[in-house]
Amino acid sequence: MNRFDYVRPATVAEAVAAASEPGAAYLAAGTNLLDLMKGGISRPPRLVDITHLPGLDQVERLSDGAWRIGALVRNADLAHDPDFAADYPAVAEALLSGASAQLRNAATVGGNLLQRTRCAYFYDPASACNKRRPGTGCDARDGENQAHAVLGWSEGCIATHPSDFCVPLVALDAVVEIEGRAGRREIALDTLHRLPGDAPERDSVLGPGDLIIAVRLPAEAAAFAAHARYLKLRERTSYAFAVVSAAAALRLDGGTIREARLALGGVAAKPWRARAAEQVLAGEAPTPEAYRRAAEVALADAQPSGDNAVKIELARRIVTRALALAAAGTPDRVPALPGSCFSPVPGALHAV
Amino acid sequence: MTLSISLTINGVRRTVELDDPRVTLLDLLRERLDLTGTKKGCDRGQCGACTVLVDGRRINSCLALAVSHDGAEILTIEGLAHGDALHPVQAAFIAHDGFQCGFCTPGQIMSAVGLIREGQAGADPERVREGMSGNLCRCGAYAGITAAVLDAQELIDSVERRAAE
């Protein structure tokens, strides 16, 4: 780990000023950053410790019914907040499907959004990586790339964003509050993360000093609470990143889907909202045929970035299954294995 | 620059002078405070051997900077027993043979104590296994570990029920 200056600001304004220095990084729990620093992947000359800033650790329902989640709220605390989980069950399920209990107890909401890809070549200083060292190339292109992106990738970078939490958030139109050198601003979470293009070193649209203060979920998104799930395929049942995942949320009216929300994880450098697929579902009956059509549309632009064409079919199937689970209804409690593909689907024949 | 922090470790308040902000909570415990019960496995947050309770919650001490935890209350494996009286989780690990080589055991036990405090698993072995998935055991003692956690939880629950009556 490189040497660094340790700064502990007392206010958000002090934090922003301290982190505006070139190369400075914010430190929250550090569950991703310290790992990156131990591997020599990140070498910030200054760490600005925001964990002692007051007022950023609240989960609150605003007067208009929206929920506001402070950037320092721990993943586990948000997932286990019963009122929040009742309104946004897919968000709770996604959180609990991620990492381990120890990591969820430490990791923060803001840190989850800004965690970096787990691409093995990004993590290996001996490999060429345009995200870690711009202009050096991408060893993932000709390497072990079964888990890499199938949507939105570029010749320069095929890495994926690893967050589970972000997938239902982006499906439910979450908004990010940011404090920067020019004051406070808000952006849709869907616009926070960048596709790699020719600048894969930039994961997000944030600039020097920009600090995520909170994430908001609109009140309207709670209308999906009765039919909202997160489903995640991984290489082991627990404590693994998604190969592919999907957040599906439906507003059902009798035998008709009034409105659908759908986003995919593990497929691109950002949580992937599938708006065209949502449109396909609106007005349809909740049937397996409708889910399969939506899945086709959601993956219509997908292209293998290497030896990973299988992910496109896996993503179609995870979408189909997530929609079927959502239509069957949100369970009273997050399942023992959150987001697991091994949870039974009512009426499904896959076990026959 | 020396950074002075104050920690309560196993009930004892200690002031620690850090000459380097890079010191993790794990290295502080093991290398500077001689509390070597907490183990260093992967040192990257993947194995759970370094699990301790910070302010009552289980975390990976290898991915925590000591300086950032100024003012925190830390419980390690050394602080679990009361003299010769083992904590119920420690006793249950012995009764159910929840280990082989023992290297992961302090982390497993601290994680189990955290899990029981979180109160999410109940008597469901599937929820216990899921809740303990952040602790790897290369000897494969998982069956005994799960049985020990379920047993300890039942004992702690019954003691708490009796205390409430």
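Residues numbered from 1 in each chain as written. Chains lettered and ligands numbered in written order. Predicted model: local features only at pLDDT ≥ 70, side-chain atom pairs only at ≥ 80, totals over all residues.

1. Brief notes about the overall build of chain B
Here's step 1: If you tally the helices and strands in chain B, you get five helices and five strands.
Here's step 2: Helices and strands appear in chain B in the N-to-C order β-β-α-β-β-β-α-α-α-α.
Here's step 3: In terms of C-alpha radius of gyration, chain B reaches 16 Å, essentially the compact-globule figure of 15 Å for 165 residues.
Here's step 4: Its C-alpha atoms give chain B principal-axis dimensions of roughly 50 × 40 × 30 Å.
Here's step 5: With 165 residues in all, chain B has 44% of them scored as buried.
Here's step 6: Of all intrachain contacts in chain B linking residues separated by at least 6 positions in sequence, the fraction that spans at least 24 positions is 59%. (Helix = DSSP H or I, 4+ residues; strand = E, 2+ residues; numbered from the N terminus. Rg over C-alpha atoms; globule rule 2.2 N^0.38 Å. Buried ≥ 20, exposed ≤ 12 C-beta atoms within 10 Å, placed from the backbone. Contact = placed C-beta atoms within 7 Å.)

2. Some points on the domain arrangement of chain A
Here's step 1: Looking at chain A, the domain boundaries give domain 1 (5-49) and domain 2 (226-328).
Here's step 2: Computed from C-alpha atoms alone, the centre-to-centre distance between domain 1 of chain A and domain 2 of chain A is 36 Å. (Domains from an automatic or database assignment.)

3. Here's the deal with the sheet that holds strand E1 (residues 5-7) of chain A
Residues and elements named next belong to chain A.
Here's step 1: Read from one edge of the open sheet, three strands run E1-E3-E2, paired in parallel fashion. Looking along the sheet, the strands with just one partner apiece sit at the ends: E1 and strand E2 (25-27). In this sheet, adjacent strand axes meet at a mean angle of 30° when their direction is disregarded.
Here's step 2: Relative to strand E3 (residues 46-49), E2 runs parallel, the two sharing three bridges. Bridged to alanine 25 within E3 is leucine 47. (Pairing = 2+ DSSP bridges. Axes fitted to C-alpha atoms, helices over the stretch in contact; angles between N-to-C directions.)

4. With respect to the nonpolar core
Here's step 1: Residues Leu262, Leu264, Ala294 and Val319 of chain A are the most contacted members of the largest nonpolar core, which totals 163 residues.
Here's step 2: Considering every element that reaches this core, the biggest residue donor is helix H11 (residues 309-328) of chain A, with nine residues. (Core = buried A, V, L, I, M, F, W, Y, C linked by C-beta atoms within 7 Å.)

5. Structural notes on the packing of helix H10 (residues 288-298) of chain A against H11 of chain A
Residues and elements named next belong to chain A.
Here's step 1: Taken N-terminus to C-terminus, the directions of H10 and H11 make an angle of 140°; their axes are 8 Å apart at the nearest point. As far as their axial angle goes, H11 and H10 are oblique. Read as a crossing pair, H10 and H11 show a hand that is right-handed. Across from Pro288, Tyr291, Arg292, Ala294, Ala295, Glu296 and Ala298 in H10, the residues of H11 making contact are Arg316, Val319, Thr320, Leu323 and Ala324.
Here's step 2: Across the contact of H10 with H11, the residue classes break down as eight nonpolar, one polar and three charged. (Parallel < 35°, antiparallel > 145°, perpendicular 65-115°, else oblique. Left-handed = near helix turned anticlockwise from the far one by under 90°. Nonpolar A, V, L, I, M, F, W, Y, C, P; charged D, E, K, R; others polar.)

6. Re helix H3 (residues 105-118) of chain B
Here's step 1: Here H3 of chain B is 14 residues long and its end C-alpha atoms lie 20 Å apart, about the 20 Å a rise of 1.5 Å per residue gives.
Here's step 2: Counting buried residues along H3 of chain B, twelve of its 14 residues qualify, which places the element largely inside the surrounding structure.
Here's step 3: Those residues of H3 of chain B that fall on the buried side of the exposure criterion are Thr105, Pro106, Gly107, Gln108, Ile109, Met110, Ser111, Ala112, Val113, Gly114, Leu115 and Ile116 of chain B.
Here's step 4: Buried residues belonging to H3 of chain B abut helix H6 (101-106) of chain A together with strand E3 (51-54), strand E4 (57-60), helix H2 (88-95), helix H4 (125-131) and helix H5 (142-164) of chain B.
Here's step 5: Following H3 of chain B by one or two positions, glycine 119 of chain B has its phi on the positive side, about 70°. (Expected span 1.5 Å × (residues − 1).)

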